[in-house]
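# An overview of the molecular structure
Below are the chains, spelled out letter by letter.
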Amino acid sequence: ETGVTQTPRHLVMGMTNKKSLKCEQHLGHNAMYWYKQSAKKPLELMFVYSLEERVENNSVPSRFSPECPNSSHLFLHLHTLQPEDSALYLCASSQSFDRVGQPQHFGDGTRLSIL
Amino acid sequence: DQQVKQNSPSLSVQEGRISILNCDYTNSMFDYFLWYKKYPAEGPTFLISISSIKDKNEDGRFTVFLNKSAKHLSLHIVPSQPGDSAVYFCAASGWLSVRGKLIFGQGTELSVKP
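All values reported here derive from a predicted model rather than from experimental measurement.

This brings us to the overall build of chain A. When you go through chain A residue by residue, the secondary structure sums to 0 helices and 11 strands. Radius of gyration (C-alpha) of chain A: 13 Å, near the 13 Å computed for a compact globule of 115 residues. By its C-alpha atoms, chain A is 40 × 25 × 25 Å across when sized along the principal axes. Here chain A, with 115 residues, has 50% of them falling under the buried criterion. By element, 47% of the accessible surface of chain A is carried by carbon and sulfur atoms, the whole surface being about 5400 Å². Mean positive and mean negative side-chain charge positions of chain A (11 and 11 charges, respectively) differ by 8 Å.

Quick look at the structure:
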């Protein structure tokens, strides 16, 4: 139990579907992150939210749309995805984005498959 | 340009022996380094970290060594146990370079054989 919960754990969708990934943290943290992990590649940071404000968007295509309604919840809205978007999507949280070196706590991820 | 590299995709070690996982970085502005462990179907979990003002940090069976001049760090696991079999990621951070972000390597898969 890491204190970060992601749902669903697995998702299969067609390229024309719209779906959302959900992340919830119970650690009282102020920063939340979305990462993409493809096979044999480093974790790629997609978005960072600090105190519900987006502070980082790493050139992510607009078919991925994040939402952070409060400091405990983070969503990733998906629409018209491509087959190369199939990957493990990880959510993480940390106490503060402004404190260097503190560990981020990860959820178990959503395994996304695009047909 | 990959700023954090783990050049060994896999490592196999006998139970009870030492496991040494290596990581190299290119950005001299990094000043904090972390190691994560990841089991299949789970997210990465934080293992141990080291600040650039130190050259060694120890926590039980896990020790991380930092060589700033070589821009190299390593994780030593002694003695290795079958439960240590997982993918290990190193990550780097630095306020002046990447602020609160973590830059990850591509991981090394450790297999500890009984």
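That was the structure; now back to the text.
Time to look at the side chain of Asp85(A). Within the secondary structure, Asp85(A) sits in the loop between strand E8 (73–79) and strand E9 (87–94). At 2.7 Å, the side chain of Asp85(A) forms a polar contact with the backbone nitrogen of Gln82(A).

Here the focus is the sheet that holds strand E3 (residues 18–25) of chain A. Residue and element names in this part refer to chain A. If you walk across this open sheet you meet the 4 strands as E1-E3-E8-E7, and the pairing is antiparallel. The open sheet has two free edges, formed respectively by strand E1 (4–7) and strand E7 (64–70), since each of these has just one partner strand. Taken over all neighbouring pairs, the strand axes of this sheet differ in orientation by 20° on average, direction set aside. Bridge analysis of E7 against E8 gives 5 bridges, and the strand direction is antiparallel.

Another aspect to go through is the interface of chain A and chain B. The interface is formed by 23 residues belonging to chain A together with 23 residues belonging to chain B. Between chain A and chain B, the buried area comes to about 1800 Å², and carbon and sulfur atoms account for 63% of it. At the surface where chain A touches chain B, the tally comes to 0 salt bridges. Linking chain A with chain B are 3 residue pairs in polar contact (both at pLDDT 80 or more). Contributions of two or more residues to the side of chain A that touches chain B are made by strand E4 (31–37) and E9 of chain A. Of the residues forming the side of chain A that touches chain B, the biggest block, 3 residues, is contributed by E4(A). Of the residues in the side of chain A that touches chain B, the class split is 11 nonpolar, 6 polar and 6 charged.

Residues Val4(B), Phe30(B), Phe33(B), Trp35(B), Leu73(B), Leu75(B) and Tyr88(B) are the most contacted members of the largest nonpolar core, which totals 25 residues. Elements represented by at least two residues in this core include exactly strand E3 (19–25), strand E4 (32–38), strand E5 (45–51), strand E7 (62–67), strand E8 (72–77), strand E9 (86–94) and strand E11 (108–113) of chain B. Of the residues forming this core, the biggest block, 4 residues, is contributed by E9(B). Ignoring anything within four residues of it in the chain, the contact list for Leu75(B) reads Ser19(B), Ile20(B), Leu21(B), Trp35(B), Leu47(B), Ile48(B), Phe62(B), Thr63(B) and Tyr88(B). With 22 residues, the next largest nonpolar core counts Cys23(A), Trp34(A), Tyr49(A) and Val60(A) among its residues.

Okay, the environment of Gly28(A) next. All names here are of chain A. Relative to the helices and strands, glycine 28 is located in the loop between E3 and E4. The class of glycine 28 is exposed, set by a relative accessible area of 65%. Residues glycine 28 and serine 72, spaced 44 residues apart in sequence, show a C-alpha to C-alpha distance of 7.3 Å.

Here the focus is the packing of aromatic side chains. Each aromatic ring pair is specified by the distance between its two centres and by the angle formed by the two planes. Per the stated rule, a full pass over the model turns up 12 aromatic pairs over all chains. Ring centres of Phe106(A) and Tyr36(B) lie 5.6 Å apart, and the angle between their planes is 90°; on these two criteria the pair is classed as edge-to-face. Taken together, the residues Phe106(A) in strand E10 (residues 105–106) and Tyr36(B) in strand E4 connect one chain to another. Considered together, Phe106(A) and Tyr36(B) belong to a single accessibility category, that of buried residues. Measuring from ring centre to ring centre gives 5.7 Å for Tyr36(B) and Phe104(B), while their planes differ by 55°; the resulting arrangement is tilted.

Definitions and cut-offs
Residues numbered from 1 in each chain as written. Chains lettered and ligands numbered in written order. Predicted model: local features only at pLDDT ≥ 70, side-chain atom pairs only at ≥ 80, totals over all residues. Heavy atoms only, no water. Helix = DSSP H or I, 4+ residues; strand = E, 2+ residues; numbered from the N terminus. Rg over C-alpha atoms; globule rule 2.2 N^0.38 Å. Buried < 20%, exposed > 50% of the residue type's maximum accessible area, 1.4 Å probe, protein only. Areas by Shrake-Rupley, 256 points an atom, 1.4 Å probe, with all protein chains shown as cover. Lys, Arg positive; Asp, Glu negative; His and termini not counted. Charge placed at Lys NZ, Arg CZ, Asp CG, Glu CD. Polar contact = N/O pair within 3.5 Å; in protein donor to acceptor, adjacent residues only side chain to side chain. Pairing = 2+ DSSP bridges. Axes fitted to C-alpha atoms, helices over the stretch in contact; angles between N-to-C directions. Contact = heavy atoms within 4.5 Å. Buried area = accessible area lost by both parts, 1.4 Å probe. Salt bridge = Lys/Arg side-chain N within 4 Å of Asp/Glu carboxyl O. Nonpolar A, V, L, I, M, F, W, Y, C, P; charged D, E, K, R; others polar. Core = buried A, V, L, I, M, F, W, Y, C linked by side-chain atoms within 4.5 Å. Phe/Tyr/Trp six-rings, centres within 6.5 Å; stacked < 30°, edge-to-face > 60°.

Geometry only, nothing functional implied.
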